[in-house]
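Here are the chains, one letter per residue:
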Amino acid sequence: MASRADEQRAGKWWVSGPPLLYLLVFFAVPTLIMVLASFRTPGEFGGLAPLRDESGALDLNLESYQRFVAETVYAQVFVKSVGYALVTTLACLLLAYPLATLIARSPKKYRDLLLLLVILPFWSNFLIRIYAWMIILGPNAALARVVNGAFAWFGAGPVPLLFSSFAVLVCLVYVHLPFMVLPLYANLEKHEQALLDAAQDLGANAWQRFWRITFPLSLPGVYAGAALVFIPALGIFAIPDILGGPNDTLIGNLIKQQFLETRDWPFGSVLSIVLTVAALSLAAFAAWIGRGRAGAERPVRA
Amino acid sequence: MALLEIQGVTRRFGDFTAVDDVSLAIEAGEFFTLLGPSGCGKTTLLRMIAGFDLPDAGRILLNGEDLADKPPEARPVRTVFQSYALFPHMTVDGNIAFPLHMAKTPDAEIPGKVAAALEDVRLPGFGKRYPHELSGGQKQRVAIARALVTHPTVLLLDEPLAALDAKLREEMQLELIGMQKDAGITFVYVTHDQTEALALSHRIAVMNRGKVEQLDEPSKIYGFPRTRFVADFIGHCNLLSGPVRSAANRVVVVDVAGLGAVEVATPLADATRAGAGGTIALRPEKVRIEAASDAARGNHYRGTVSELLYMGDVTVYRVATAAGLRIEALLANSKAGRAQFFEVGDAVDVAWSADAGHFIAE
Amino acid sequence: MHKPSPWLWACAIGAYAFLYIPLVIVVVYSFNDSRLNAEWVGFTLDWYRKLFANGDMLTAAGNSLLIGVTASAVSTVLGTMAGVAMYRYKLRLLPLLVLTPIAIPEILMGVSLLIFFVLLNVTLGLVSVTLAHITFCIGFVAIVVRARLAGMDEALIEAARDCGATPWQSFRFVTLPLIMPGVIAGALMAFTLSIDDFVITFFTAGAGTVTLPLQIYSMIKIAVTPEVNAVSTLLMLLTLLLIVIASRVSPSLLRSS
């Protein structure tokens with residue numbers, strides 16, 4: 001009869017096997033192929049050149065990487081993407097903080113409802129949310145007329161709200177806001193009122209209580225939220241594609257161009273890899289920070 | 001041959017040895033208790049009997065058969081968990097019927113057995129309720145009913161009464177004794193509560209740091225503790241330690257700092273050498289306490305009452321002798337004469353006879 | 001607790017307004033009797049009628065539903081297995097593969113799957129999109145299931161084994177019923193994610209296949225009419241319904257997301 005340990009191991013493979021297999025085939029392998037593709041030459045009609053050329057040698061080279069490094073415009077686009085993601089993250093933080101605080105402080109029975117209200121917009125279709133801003137920022141819409149009216153009153157020319165960096169940023173914030181609210185709320189909910197009472201008792205005013213107690217304690221939530229906003233924002237392409245102007249090409253747009261328009265797949269892969277490395281490093285960094293701080297706060301398990 | 005034999009079982013978790021080379025033989029039909037403070041290994045040992053953990057060394061035999069390769073579901077051993085572990089999505093009937101289903105009992109027989117099990121734990125008619133509708137004591141009983149319904153060979157109980165309040169606990173203790181006697185099943189009971197252990201068990205294994213310090217009937221554990229730990233863990237005890245001055249004729253004399261020479265009658269006298277370390281374990285209820293008087297006869301020690309604890313039926317006096325050593329004396333209030341109610345600060349004499357103490361060699 | 005100050009209320013309400021007003025505008029203008037989404041002219045259901053007469057739209061909706069149901073079913077099964085495995089056993093590879101698709105920008109998965117399918121000479125279409133959707137849905141289901149397992153009393157499994165149940169029986173009779181709300185919620189979530197997905201579908205759909213989001217995208221880029229508003233409103237209602245059901249079924253869904 002099989003020993004207990006063997007049976008346990010068999011059970012483990014029965015359960016973890018199928019999802020593991022699926023993800024290996026449809027996630028790990030494509031990723032590896034993409035890495036490999038970055039070392040190949042583009043095919044004549046787009047895509048990839050054959051793996052072995054006429055002489056039978058493997059087609060592997062660093063041309064695409066060299067191109068990325070040599071033509072600085074790509075690095076610039078990357079830096080711009082980082083900039084946009086950063087601004088988005090900060091704006092989300094500023095908006096999310098009061099919201100999360102309010103929910104954390106409201107009576108228990110309302111909290112789930114309030115949270116649901118924050119999440120619902122997230123569950124509406126991504127494109128709808130972009131489209132909504134197209135309407136709001138459209139040249140004939142109320143907002144544009146008010147703003148341009150105000151500008152005209154100051155003697156300045158009309159400013160297009162749509163197809164601009166402003167539109168892209170507003171929409172980026174709009175789309176990612178729930179991701180900042182949730183981790184922040186999860187953290188703030190755990191804060192003990194007693195700490196703030198003690199601080200007040202010791203003479204701290206409202207601002208000091210916030211800055212010296214609440215905010216530092218909320219940092220793990222802030223980092224988690226920042227990671228959840230920054231990383232997706234880095235790779236976004238639909239928003240600049242629909243709402244952005246010619247200056248708003250971000251790395252996501254470049255990747256899309258390379259794969260679907262220019263069809264220079266090796267170069268597109270290089271761009272994707274750069275993006276992946278950036279995203280993964282940030283995710284790992286966020287996880288590392290989160291663990292370091294959470295270690296001090298997690299309750300001791302007996 | 002004993003029903004359940006534990007032979008040289010050891011279990012380690014990394015650097016920590018939870019169970020250290022423990023050997024026990026548990027007889028059929030007995031109420032056997034593993035008693036000890038938290039971390040002593042009693043629960044780990046219980047889980048190994050149940051099959052949720054495997055020993056790193058040693059064997060566990062049930063009716064002579066090695067249980068090593070048998071997973072929990074194949075062992076004729078049932079566990080009553082500390083948290084009861086009743087399936088929240090099943091009714092009481094469903095919970096109790098579960099092991100019957102697993103044992104492939106014919107469907108027709110199941111309702112009858114379930115009803116009988118509920119009767120045995122005195123919860124007739126509770127079948128349609130869900131666990132969250134039950135009180136702690138009721139959940140307790142359903143857990144026991146579920147464990148007993150397939151008439152296991154051994155029932156393991158992991159501190160089942162820990163979550164109940166004092167009065168309920170006492171009631172359940174009596175019920176458990178009754179249940180065990182009626183069902184005739186071997187109980188292996190784990191607890192850290194020594195009064196509970198003393199009240200319920202046929203035999204107790206006192207465990208500390210993975211080892212069994214003493215295995216005996218309750219009265220012997222209480223009256224004749226074999227180690228300092230057992231003496232201290234069970235009930236209250238005065239522990240008078242020091243080097244042995246002399247040992248002969250069934251009397252050992254120990255030099256106790258602060259008291260001087262103290263005699264104790266013990267069968268170990270012949271095996272004890274002068275100079276070796278020893279402890280006299282003296283139960284407070286064997287210490288006589290009287291108002292200080294020069295007319296006192298016999299061996300007595302002078303001191304002042306430093307603390308007293310009035311507990312309703314008894315009073316515990318802590319008496320500080322001149323050298324600072326504290327002796328505890330317990331006096332049943334109903335037996336105390338007028339002259340024996342003392343206040344803090346009173347001068348008193350404490351005394352005991354040589355055979356009131358129990359000698360423990362170091 | 002301190003009552004939140006009015007200033008806090010103002011900021012919070014402002015944030016909620018920020019979140020909802022755009023969506024409200026989309027809905028409102030879907031009933032607007034004007035081609036331009038500029039100002040309110042009059043109430044009409046014309047755009048909805050046009051929508052249902054729009055063959056492309058209906059095909060797209062049909063595709064989305066088909067893909068959604070298939071992807072949801074498969075990813076629920078695989079995701080539940082993954083969630084159980086991650087909870088029960090100390091694994092390193094599986095959590096990595098399950099959680100990374102969620103952590104990285106979607107475009108990366110879209111692009112790598114595109115290369116993958118083309119190299120394998122798989123025609124891009126419904127099948128490729130479904131396979132892609134399953135890949136990222138597994139992670140979500142796994143997280144929900146794992147969270148649900150973590151909230152379950154472990155002693156219950158031991159009690160089941162103690163009562164004579166084999167590991168499979170204790171899973172079937174005890175674990176599964178108890179995590180079922182989580183599994184259902186995960187399935188609903190997977191369905192919603194699939195219906196709404198744009199980026200990954202964009203890269204893996206190829207020329208001939210359209211899903212609802214892709215249709216909306218081309219309508220936005222080419223010719224904006226309030227039909228887009230109409231289809232958006234309907235889609236929002238569907239999603240709302242599903243999410244409300246899911247959070248009723250598994251109240252902890254909010255926490256784990």
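Owing to the predicted nature of the structure, the values given are computational and were not obtained by experimental measurement.

Chemist: Break down the overall build of chain B for me, citing the residues and quoting the values.
Modeler: When helices and strands are counted, chain B shows 8 helices and 20 strands. In terms of overall dimensions, chain B has a C-alpha envelope of 80 × 45 × 35 Å along the principal axes. Per-residue burial for chain B yields a buried fraction of 40% across its 362 residues. Considering only intrachain contacts with a sequence separation of at least 6, the fraction spanning at least 24 residues in chain B is 63%.

Chemist: An account of the overall build of chain A is needed here, citing residue identities and associated values.
Modeler: Helix and strand counts for chain A come out as 12 helices and 0 strands. Reading chain A from its N end, one meets helices and strands in the order α-α-α-α-α-α-α-α-α-α-α-α.

Chemist: Account for the sheet that holds strand 15 (residues 288-291) of chain B, naming residues and giving values.
Modeler: Residues and elements named next belong to chain B. In space, the 5 strands of this open sheet follow the order 15-19-16-17-18, with antiparallel pairing throughout. Either end of the sheet is taken by a strand with one partner, and the two such strands are strand 15 and strand 18 (326-332). For this sheet, the mean angle separating the axes of adjacent strands, direction not counted, is 45°. Where strand 16 (residues 301-310) and strand 19 (residues 347-351) come together, 4 bridges link them in antiparallel fashion. Across the sheet, Gly303 pairs through a bridge with Val348, a residue of strand 19.

Chemist: Quick rundown of the confidence of the model for chain A? Include the residues and the values.
Modeler: It should be kept in mind that the predicted coordinates are not to be read in detail where pLDDT is low. Residues and elements named next belong to chain A. Averaged over all residues, the pLDDT of chain A equals 80, while 88% of them reach at least 70. Per-element mean pLDDT across chain A ranges from 72 in helix 6 (residues 142-153) up to 88 in helix 3 (residues 72-105). Low pLDDT, under 50, characterises residues 294-302; the predicted model gives this stretch 1 contact beyond four residues in sequence or across chains.

Chemist: Explain the sheet that holds strand 12 (residues 251-256) of chain B residue by residue, including any values.
Modeler: All names here are of chain B. One open sheet accounts for 5 strands, arranged 13-12-11-14-20; its pairing is antiparallel. In the strand order of this sheet, the two ends are held by strand 13 (260-265) and strand 20 (357-361), each with one partner. The sheet shows a mean angle of 40° between the axes of neighbouring strands, taken without regard to direction. Two strands pair when backbone bridges link them, and strand 14 (residues 277-282) and strand 20 are joined in this way by 5 bridges, in the antiparallel orientation. Bridged to Thr279 within strand 20 is Ile360.

Chemist: Tell me about the interface of chain C and chain A, and please be specific about residues and values.
Modeler: Contact residues are listed per partner, giving 68 residues for chain C and 70 residues for chain A. For the side of chain C that touches chain A, the element with the highest residue contribution is helix 1 (residues 6-29) of chain C, accounting for 13 residues. Residue composition of the side of chain C that touches chain A, grouped by class: 57 nonpolar, 9 polar and 2 charged.

Chemist: Describe the confidence of the model for chain B, listing the residues and the values that go with them.
Modeler: Averaged over all residues, the pLDDT of chain B equals 88, while 97% of them reach at least 70. Within chain B, the element-level pLDDT minimum falls on strand 13 of chain B, averaging 82, and the maximum on strand 3 (residues 31-35) of chain B, averaging 95.

Chemist: Requested: an account of the nonpolar core, with residues and values cited.
Modeler: Core analysis: the largest hydrophobic core is formed by 157 residues, its most contacted members being Ala96, Leu99, Ile130, Trp133, Cys171, Val181 and Ala238 of chain A. Once residues lying within four places of it in the same chain are set aside, the contact partners of Trp133 of chain A are Ala167, Val170, Cys171, Tyr174 and Leu243 of chain A together with Pro22 of chain C. Judged by nonpolar contacts, the second largest core, of 106 residues, contains Tyr84, Val149, Ile221 and Val244 of chain B.

Chemist: Outline the pairing of strand 12 of chain B, supporting the account with residue identities and numerical values.
Modeler: All names here are of chain B. For strand 11 (residues 238-248) and strand 12, the ladder comprises 4 bridges, and the chain directions are antiparallel. Directly across from Ser246, in strand 12, lies its bridge partner Val253. Once strand 11 ends, the chain turns through 2 residues before running back antiparallel as strand 12, passing Asn249 with a positive phi of about 55°. Where strand 12 and strand 13 come together, 6 bridges link them in antiparallel fashion. Looking at strand 13, one finds that Val252 is bridged to Val264.

Chemist: Residues and numbers for the packing of helix 3 of chain A against helix 9 (residues 206-234) of chain A, please.
Modeler: Each pair of packed helices can be summarised by the angle the axes make with each other and by the distance between the axes. All names here are of chain A. In the contact formed by helix 3 and helix 9, the axes pass within 9 Å of each other and the chain directions differ by 140°. Classified by the interaxial angle, the pair formed by helix 3 and helix 9 is oblique. Regarding helix 3 and helix 9, the two cross each other, and that crossing is right-handed. Across the interface between the two elements, Ser81, Val82, Tyr84, Ala85, Thr88, Thr89, Cys92, Leu93 and Ala96 of helix 3 pack against Val222, Gly225, Ala226, Val229, Phe230, Ala233 and Leu234 of helix 9. Residues belonging to the contact of helix 3 with helix 9 are distributed by class as follows: 12 nonpolar, 4 polar and no charged.

Chemist: Explain the environment of Ile144 of chain B to me, using residue names and the numbers behind them.
Modeler: Residue and element names in this part refer to chain B. Within the secondary structure layout, Ile144 lies in helix 4 (residues 136-148). The exposure class assigned to Ile144 is buried, which follows from the 25 C-beta atoms found within 10 Å. On a C-alpha basis, the gap between Ile144 and Arg302 in space is 53 Å, while along the polypeptide they are 158 residues apart. Apart from the residues within four sequence positions on either side, Ile144 is in contact with Val80 and Val121.

Chemist: Go over the environment of Gly223 of chain B, please, and point to the residues and values.
Modeler: Residues and elements named next belong to chain B. Considering the arrangement of structural elements, one finds Gly223 in helix 7 (residues 218-223). By the C-beta count within 10 Å, which is 14 here, Gly223 ends up partly exposed. Between the C-alpha atom of Gly223 and that of Ala356, which follows or precedes it by 133 residues, the distance is 9.7 Å.

Rules and cut-offs
Residues numbered from 1 in each chain as written. Chains lettered and ligands numbered in written order. Predicted model: local features only at pLDDT ≥ 70, side-chain atom pairs only at ≥ 80, totals over all residues. Helix = DSSP H or I, 4+ residues; strand = E, 2+ residues; numbered from the N terminus. Buried ≥ 20, exposed ≤ 12 C-beta atoms within 10 Å, placed from the backbone. Contact = placed C-beta atoms within 7 Å. Pairing = 2+ DSSP bridges. Axes fitted to C-alpha atoms, helices over the stretch in contact; angles between N-to-C directions. pLDDT = per-residue confidence, 0-100. Nonpolar A, V, L, I, M, F, W, Y, C, P; charged D, E, K, R; others polar. Core = buried A, V, L, I, M, F, W, Y, C linked by C-beta atoms within 7 Å. Parallel < 35°, antiparallel > 145°, perpendicular 65-115°, else oblique. Left-handed = near helix turned anticlockwise from the far one by under 90°.

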